[in-house]
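# Fold and contact review
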Amino acid sequence: MKFALGSLSLEKYTALGIACIQLGFDIDAQADLVSCDVSSGVSAQPYGMRETSRGAMYRAKGARKEHPDTYAVGIENGIVCLGGRYIDVAVIVLITPEGKHFVGTSVGIEVPVGMVDIAQSRGFATTTVGDIIAEKMGGSKTDPHLTLTKGRISRRDILIDALSTLFCQVFHERR
């Protein structure tokens, strides 16, 4: 099996590789997993499920365009408002070599309202909530999940679970 990831993110690439290994796919990380530098077509900080899912779809389609005979994967994290509170959630799109689309999500991690407000005031086009969390609370701007869970759960961990769940749905008949 060959997978093309529509991102150069190390967290996403590592999560994809680990999910494949955990599910017993016979892959060689050098030959069967590739990262593509494709645009998400959305803001640096996607807001809402519509924009987040659009970013994941653009990433998957971009990966498929560069590597048409692979399982193309697009992953996009975004901020979603639920009853006046905000969660960071990833949307994952997988496109099979035959062109069939599958969609899944990660669990959500609540982010402080104040951090979202600051990022939004600076402009989601260029500023992410992760940027603000790193600036105000410390940690990595690409993995604010570790900061928000006091080092217990990483973005990679969340993505591994989400990818594994989606793969179980997609590949249950293919194996």
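All figures in this text were calculated on a predicted structure; none of them were measured in a lab.

Thresholds applied
Residues numbered from 1 in each chain as written. Predicted model: local features only at pLDDT ≥ 70, side-chain atom pairs only at ≥ 80, totals over all residues. Heavy atoms only, no water. Buried < 20%, exposed > 50% of the residue type's maximum accessible area, 1.4 Å probe, protein only. Helix = DSSP H or I, 4+ residues; strand = E, 2+ residues; numbered from the N terminus. Pairing = 2+ DSSP bridges. Axes fitted to C-alpha atoms, helices over the stretch in contact; angles between N-to-C directions. Parallel < 35°, antiparallel > 145°, perpendicular 65-115°, else oblique. Left-handed = near helix turned anticlockwise from the far one by under 90°. Contact = heavy atoms within 4.5 Å. Nonpolar A, V, L, I, M, F, W, Y, C, P; charged D, E, K, R; others polar.

## Some thoughts on the pairing of strand β4 (residues 85-95)
β4 sits mainly inside the fold: 9 of its 11 residues count as buried. Note: strand β3 (residues 71-82) against β4, 11 bridges, orientation antiparallel. Paired with isoleucine 79 across the bridge in β4 is aspartate 88. Counting the residues between successive antiparallel strands, the hairpin from β3 to β4 contains 2 residues, one of them, glycine 83, with a positive phi of roughly 60°. Here 3 bridges tie β4 to strand β6 (residues 109-111), and the two strands are oriented antiparallel to one another. Within β6, the position partnered with aspartate 88 by the bridge is isoleucine 109. Pairing analysis gives 5 bridges linking β4 to strand β5 (residues 101-105), with the strands arranged antiparallel. Looking at the pairing, valine 93 lines up with valine 103 of β5.

## Details of the packing of helix α4 (residues 113-122) against helix α5 (residues 129-137)
A pair of packed helices is captured by two measures, namely the crossing angle of their axes and the spacing between those axes. Close contact between α4 and α5 brings their axes to 8 Å; oriented N to C, the two are set at 120°. Here α4 lies oblique to α5, going by the angle between them. When you trace α4 past α5, the crossing you get is right-handed. Contacts between α4 and α5 involve Met115, Val116, Ile118, Ala119 and Arg122 from the first element and Val129, Ile132, Ile133, Glu135, Lys136 and Met137 from the second. Across the contact of α4 with α5, the residue classes tally to 8 nonpolar, no polar and 3 charged.

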